[in-house]
Number of protein chains: 2
Amino acid sequence: MNLLPILEPATDEACCAPAGTPALGAEEAKQKALVFKALADPNRLRLLSIIKASSSGATCVCDLTDPLDLGQPTVSHHLKILVEAGLLHREKRGTWAYFSLAPGALDNAAGMLANL
Amino acid sequence: MNLLPILEPATDEACCAPAGTPALGAEEAKQKALVFKALADPNRLRLLSIIKASSSGATCVCDLTDPLDLGQPTVSHHLKILVEAGLLHREKRGTWAYFSLAPGALDNAAGMLANL
DNA sequence: GACCTACATTGATGGCTGTCAATATTGGCG
DNA sequence: CGCCAATATTGACAGCCATCAATGTAGGTC
């Protein structure tokens, strides 16, 4: 990734270190938080799970409303959030909208945790 | 919530698959969402980053307030959330409280994404 | 064209959350 | 014991968020 500012422990006393700049920049943190925000809802996790488990790899909204006990607009809203976070891919085919996992998106999120 | 009257769509046709039970259970999803909720804040990500980058592996609160531009109570609040999510470990030593990464916690969270 | 179906958008609302000021607690030190 | 320093807790408040009802849009069918 990028170079981290080395923390120089050199300070006065016992308690702690200086900690001038944090290891993770404010902007970068904000960006990464967006992905985890999208993952921070039980129903969205279940949506991802269902879509991932789907044999065809693509699922339409009518498949997703029933198992979640949510209204159709709510599911549509969650799907939008997941798409905007880059986790899902939407493909409109005729009247139906098919959703599939964005390739590598989950791995990418997992990598964020490893490279904090 | 309550039971929704099942609309009999009579459209048993071509759209999708049955989708009886979702792959991820409601309770399980709620539990996992708690971890991601803890990760879904930029300042908490930066806290984790600073603590992880700390040479000693343990950092006290006084090290964490300055680089984040947040008040001490707010930082304390964020740390509490991270501890309760199982991501951090708190060790009180005299007047100071030292925080360190909970071993394997980040890997565990990354695993959740892989095993959705 | 008229109508239906699948999905998206809007508006409203209750609940959650991040932040701060003020205060409480706890340990160390004289 | 009295005081200070480090941290935690409480209360209050603004902003965000998940949800639903109602409506809009667009594709398919007759």
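In what follows, the accompanying structure is described. Please read all numbers here as calculations on a predicted model, not as lab measurements. (Residues numbered from 1 in each chain as written. Chains lettered and ligands numbered in written order. Predicted model: local features only at pLDDT ≥ 70, side-chain atom pairs only at ≥ 80, totals over all residues. Heavy atoms only, no water.)

**Some thoughts on the packing of helix α1 (residues 26-39) of chain B against helix α5 (residues 105-114) of chain B**
Residue and element names in this part refer to chain B. Heads up, the rule is: Where helices are involved, their axes are fitted lines through C-alpha atoms of the stretch in contact, as for all axes, and angles between N-to-C directions lie from 0 to 180°. A run of DSSP states H or I qualifies as a helix once it reaches four residues; a run of E qualifies as a strand once it reaches two. Both are numbered from the N-terminal end. Angle categories: roughly parallel below 35 degrees, roughly antiparallel above 145, roughly perpendicular from 65 to 115, and oblique for all the rest. Left-handed describes a crossing in which the near helix is turned anticlockwise from the far one by less than a right angle; the clockwise case is right-handed. The contact definition used throughout considers only heavy atoms, calling two residues in contact when any of these lie within 4.5 Å. Amino acids are sorted into nonpolar (Ala, Val, Leu, Ile, Met, Phe, Trp, Tyr, Cys and Pro), charged (Asp, Glu, Lys and Arg) and polar (every other residue, Gly among them).
Interaxial distance between α1 and α5 falls to 11 Å at its minimum, and their mutual angle equals 125°. Relative to α5, the element α1 is oriented oblique. Here the hand of the crossing between α1 and α5 comes out left-handed. Contacts between α1 and α5 involve Lys32, Val35 and Phe36 from the first element and Ala109, Met112 and Leu113 from the second. Looking at the contact of α1 with α5, its residues break down into five nonpolar, no polar and one charged.

**Thoughts on the sheet that holds strand β2 (residues 88-93) of chain B**
All names here are of chain B. Note the cut-off: Think of it this way: DSSP has to see at least two bridges between two strands before they count as a pair.
Taken together, the three strands give an open sheet; going across it, the order is β1-β3-β2, and neighbouring strands pair in antiparallel fashion. For this open sheet the edge positions go to β1 (59-60) and β2, each flanked by a neighbour on one side alone. Two strands pair when backbone bridges link them, and β2 and strand β3 (residues 96-101) are joined in this way by six bridges, in the antiparallel orientation. The residue bridging Arg93 from the neighbouring strand is Trp96, located in β3. The strands that helix α2 (residues 42-53) touches are β1, β2 and β3; relative to β3, the one it contacts most, it runs at about 90°. Sitting on the sheet, helix α4 (residues 72-84) touches β2 and β3, and the angle it makes with β2 is about 120°.

Without other data, these values stay purely geometric and don't point to any function.
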